[in-house]
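A structural walkthrough
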Amino acid sequence: MYNFLSPQINPFHCIPTLVDTDGFTLWESAAIASYLIQSRKPNCHLYPAKDLKKRLTIDQFLLYNTGTLYRSLTDVHYANFQGTDPVPKVERLKEVLGTVNSFLEGHKGQMVAGGDKLTLADIALYVNLSYIEVIKFDITELAALKKYIAQVKEALAPYNVNGWYEQQHSLLIKLLADFKVKFAEDQAKAKTQ
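This is a predicted model, so every value here is computed, not measured.

Notes on the overall build of the protein
Summing up its helical and strand segments, the protein has seven helices and two strands in all. Reading the helices (α) and strands (β) of the protein from amino to carboxyl end gives β-β-α-α-α-α-α-α-α. Counting only C-alpha atoms and orienting by the principal axes, one finds that the protein spans roughly 60 × 50 × 30 Å. Here the protein holds 193 residues, and 35% of them are scored as buried.

Topic: the packing of helix H2 (residues 52-82) against helix H4 (residues 120-129)
Where H2 meets H4, the axes come as close as 9 Å, and the angle between the chain directions of the two elements is 5°. Taken together, the axis directions place H2 and H4 in an arrangement best described as roughly parallel. The residues of H4 that touch H2, namely those facing Ile58, Phe61, Leu62, Asn65, Leu69, Tyr70 and Leu73, are Leu120, Ala121, Ala124, Leu125, Asn128 and Leu129. For the contact of H2 with H4, the residue count by class is eleven nonpolar, two polar and no charged.

Describing the packing of aromatic side chains
Scanning all chains against the criterion turns up three aromatic pairs. With a centroid separation of 5.2 Å and an interplanar angle of 55°, the aromatic rings of Phe61 and Phe103 are classed as tilted. Pair noted here: Phe61 is in helix H2 and Phe103 is in helix H3 (residues 87-107), with a separation of 42 residues, a long-range link.

Observations regarding the pattern of salt bridges
On inspection of all chains with the given rule, the structure shows six salt bridges. With a shortest N-O distance of 2.8 Å, Arg40 and Asp20 are connected by a salt bridge. With Arg40 in helix H1 (residues 29-40) and Asp20 in the loop between strand E1 (17-19) and strand E2 (25-27), the pair connects residues that are 20 residues apart, well separated along the chain. You can call Arg40 partly exposed: its relative accessible area is 48%. Its salt-bridge partner being Lys94, residue Glu91 comes within 3.5 Å of it at the nearest N-O pair. One end of the pair, Glu91, and the other, Lys94, are both in helix H3, three residues apart, so they sit about a helical turn from each other. In this structure Glu91 comes out as partly exposed when scored by relative accessible area, which is 43%.

Rules used throughout
- Residue positions are given per chain, counted from 1 along the sequence in the order it is written.
- Two thresholds apply to this predicted model, a pLDDT of at least 70 for residue-level local features and 80 or more for giving and counting side-chain atom pairs, whereas whole-chain, interface and lining totals are computed over all residues.
- Based on all heavy atoms of the structure, the side-chain values leave hydrogens and waters out of the count.
- The secondary structure listing takes helices from DSSP runs of H or I that are at least 4 residues long and strands from runs of E that are at least 2 residues long, numbered from the N terminus.
- Categorising residues by exposure relies on relative accessible area from a 1.4 Å probe, with only protein chains included: less than 20% of the type maximum marks a residue as buried, more than 50% marks it as exposed, and the intermediate range marks it as partly exposed.
- Here an axis means a line fitted to C-alpha atoms, over the contact stretch when the element is a helix, while the angle between two N-to-C directions is reported on a 0 to 180 degree scale.
- When describing relative orientation, an angle under 35 degrees is termed roughly parallel and one over 145 degrees roughly antiparallel, while 65 to 115 degrees is termed roughly perpendicular and anything else oblique.
- Any pair of residues with heavy atoms lying within 4.5 Å of one another is described as a contacting pair.
- Here the nonpolar group is Ala, Val, Leu, Ile, Met, Phe, Trp, Tyr, Cys and Pro; Asp, Glu, Lys and Arg are the charged ones; every other residue, Gly included, is treated as polar.
- Aromatic rings from Phe, Tyr and Trp, taking only the six-membered ring of Trp, are treated as a pair when their centres fall within 6.5 Å; an angle between ring planes under 30 degrees marks them as stacked, one over 60 as edge-to-face, and anything in between as tilted.
- Just to be clear on terms, a salt bridge is a Lys or Arg side-chain nitrogen sitting within 4 Å of an Asp or Glu carboxyl oxygen.

If you want it as structure tokens, here you go:
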């Protein structure tokens, strides 16, 4: 068993962390997924080794997902969580999701890297887009985005054994709600001291 907080294994203390059978260590989920696909099944449509342009398009969306989409989603959540004014964060999220929706409208039902096959980028985007439900953000007017989320969910359905994804999602929502209550209690206690 590895101590994933050890500086030798994971100096940034991130999860997930992968220690492969040869001792190679990697953290950050997109990097881990990319490595696992390239090292186990390099010509898989999820991250095709032989199609540089498609792979770079996938990378582009993985980076956008982490640097822009995730940030805009969590900024709204943290503002609500901490009791600060969420309006500027909500406006930024509307802008980001609107841009994604516009892109998807032009893509006419294809996955983000083109074609009808799921890619690593689609999976990563789907996971972060599911955060919309956590923060209770209304995407009713973003028809292409709603359709895309449903399309990826359907493509992932064969891998959702016994409703595992929904179970984990519900667990996350409960955990965040419990944490928000605890945070408020700690803030109130700190003010009285």
